Amino acid sequence: MIVLLAVALPWATGASWAEILDALRALPVWAVPAMVLLGAGALALEALTVRAALPGASYGRALMSHAAASGTALAVPGGTTLGLGLMGWILRRGGLAVPVILTGIIAASLVEMVLTSVLIPLVGLASYALSPVLSPASLTLPGTLWAALATVLGAVLALALTAVLLRRPVLAALLRQAGSSLPEHVADTILAQRDALVAMLRSRHLALIAPTAAARLLQWGALVLAAQAVGAQVPLLLTVAVFALGRLLSLVPLTPGGAGIAETVGAAALVALGVAAAEAAAAMLLLLVAMLLVPLLAGALASVAAFTLAPRQSASS
């Protein structure tokens, strides 16, 4: 990610690193603390979704497991899978049953998919479409837009397939077709998990969606403040499009969590909106504090705490 930023950010903006560093040195004193607070707030809100998906879990345990999983997803290639495994381990050490953990992780993952892969990109595309009418500035990134549309379409198809698979008759028929390769008790367990997941999504949909949606609002606010910190005048509507584009590109698995890719394209988008090259790059590096550095640090602290405290808690349970 560091190598990608070192090479791609100057190339995408047309600013040298000397100019970018000068722009960073000119940031107001409140800029970095604001990013830290917004990044921490987003992480804390996301943990509320995790807690809502895990009946019986304390908020502290939900926050620890979510922070550790998020940090791992951003730190290493393939970190998303490793992070989910670490989350499950932390929650299991906290006394939660495996079926509760599996149902909770799936529910929280579905919420993240709906918001980050579908709703936010659609809002961003709508903002882009309305921008010529409501704003004098214009954003022209046709190749990126086609990629965004393709990604949204893929996410919608994945959600549609998930919805079909969650229909009990469909899932039961698929399990029957598996025949002798799947023991009957395993099929019964899968159906029971499906029932628990659907019941949770129906009864707790607001508690699951609202905190993560609020977290995304905080992250969008971080982008707005980052632009203001470098003195950029970006129409509010277009900041929505730039933010949605960044969140969508964070799903591209070229780097852990898409880090570096979203910032490079976001900086190019700001330049296309008329922001000076060095200031555009500085704004995206400032945003990186909220979107990457805070989750990484929180994940490291949470992982250390989990490995230090979990055995004692497990022994006493």
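Residues numbered from 1 in each chain as written. Predicted model: local features only at pLDDT ≥ 70, side-chain atom pairs only at ≥ 80, totals over all residues. Heavy atoms only, no water.

Moving on, we come to the pattern of salt bridges. Scanning all chains against the criterion turns up four salt bridges. A salt bridge links Glu46 to Arg216, with the shortest nitrogen-to-oxygen separation between them at 2.7 Å. Linking Glu46 in helix 3 (residues 31-53) with Arg216 in helix 10 (residues 205-229), this pair joins segments that are 170 residues apart in sequence. Residue Arg194 pairs with Asp195 through a salt bridge whose shortest N-O separation is 2.8 Å. Arg194 sits in the buried class, given a relative accessible area of 15%. For Asp195, a relative accessible area of 27% translates into the label partly exposed. Taken together, the shared-partner salt bridges connect Glu46, Glu112 and Arg216 into one network. (Salt bridge = Lys/Arg side-chain N within 4 Å of Asp/Glu carboxyl O. Helix = DSSP H or I, 4+ residues; strand = E, 2+ residues; numbered from the N terminus. Buried < 20%, exposed > 50% of the residue type's maximum accessible area, 1.4 Å probe, protein only.)

With that out of the way, let us pick up the packing of helix 3 against helix 10. Between helix 3 and helix 10, the shortest axis-to-axis distance is 7 Å and the interhelical angle comes to 170°. Overall, the two elements helix 3 and helix 10 adopt an arrangement that is roughly antiparallel. In the contact of helix 3 with helix 10, the residues fall into 19 nonpolar, five polar and two charged. (Axes fitted to C-alpha atoms, helices over the stretch in contact; angles between N-to-C directions. Parallel < 35°, antiparallel > 145°, perpendicular 65-115°, else oblique. Nonpolar A, V, L, I, M, F, W, Y, C, P; charged D, E, K, R; others polar.)

Before going further, it helps to spend a moment on the UniProt feature "transmembrane region" (unreviewed entry) in the protein. Under the UniProt annotation, the feature "transmembrane region" (unreviewed entry) is placed at residues 34-54, 96-125, 145-166, 222-245, 257-278 and 285-310. As a span, residues 34-54 carries 95% helix and 0% strand, and end to end its C-alpha atoms are 31 Å apart. In residues 222-245, the share of helix is 75% and the share of strand is 0%. The end C-alpha atoms are 15 Å apart. (UniProt positions renumbered as here; feature names shortened; annotations may be inferred.)

What follows is about the environment of Leu5. Its location among the elements puts Leu5 in helix 1 (residues 2-13). In this structure Leu5 comes out as buried when scored by relative accessible area, which is 6%. As for Leu5 and Leu285, which are separated by 280 residues in sequence, their C-alpha atoms are 9.3 Å apart. Not counting the four nearest positions on each side in its chain, Leu5 is found in contact with Pro10, Trp17, Gly260, Glu263, Thr264, Leu285 and Leu288. (Contact = heavy atoms within 4.5 Å.)

Turning our eyes to something else, we now look at the nonpolar core. Counting residues in hydrophobic clusters, the biggest one holds 43 residues, and the most contacted among them are Met35, Val234, Leu270 and Leu286. Examining the composition of this core, we find that 15 residues originate from one element, helix 13 (residues 277-316), more than from any other. Setting aside its immediate chain neighbours within four residues, Leu270 contacts Val234, Val275, Ala280, Ala283 and Met284. The next biggest cluster of nonpolar side chains, apart from the first, holds twelve residues, and it includes Ala52, Ala53, Val198 and Met200. (Core = buried A, V, L, I, M, F, W, Y, C linked by side-chain atoms within 4.5 Å.)

Position of Thr239 among the secondary structure elements: in helix 11 (residues 236-249). Thr239 gets classed as buried once you look at its relative accessible area, which sits at 4%. Polar side-chain contacts of Thr239 include one of 2.5 Å to the backbone oxygen of Leu236. Setting aside residues no more than four positions away along its own chain, Thr239 makes contact with Trp220, Leu223, Val224 and Val234. (Polar contact = N/O pair within 3.5 Å; in protein donor to acceptor, adjacent residues only side chain to side chain.)

Describing two packed helices takes the angle between their axes plus the distance from one axis to the other. Running from N to C, helix 11 and helix 12 (residues 261-272) point in directions that differ by 155°, and their axes come no closer than 8 Å. One finds that helix 11 runs roughly antiparallel with respect to helix 12. In this structure, helix 11 meets helix 12 at a crossing whose hand is right-handed. For the pair helix 11 and helix 12, the contacting residues are Val242, Leu245, Gly246, Arg247 and Leu249 in the first and Ile261, Ala262, Val265, Gly266 and Ala269 in the second. Among the residues forming the contact of helix 11 with helix 12, the class breakdown is seven nonpolar, two polar and one charged. (Left-handed = near helix turned anticlockwise from the far one by under 90°.)

This brings us to helix 4 (residues 59-75). Counting along an α-helix, one turn takes 3.6 residues, and residues three or four places apart therefore face a common direction. Look at helix 4: 24 Å from first C-alpha to last across 17 residues, which is about the 24 Å you get at 1.5 Å a residue. For helix 4, a buried count of 13 out of 17 residues is recorded, marking the element as mostly surrounded by other parts of the structure. (Expected span 1.5 Å × (residues − 1).)

Looking now at helix 11. With 14 residues, helix 11 extends 20 Å from end C-alpha to end C-alpha; this agrees with the ideal 20 Å at 1.5 Å per step. Burial runs high along helix 11: eleven of the 14 residues are buried. Along helix 11, the residues that are buried comprise Leu238, Thr239, Ala241, Val242, Phe243, Ala244, Leu245, Gly246, Arg247, Leu248 and Leu249.

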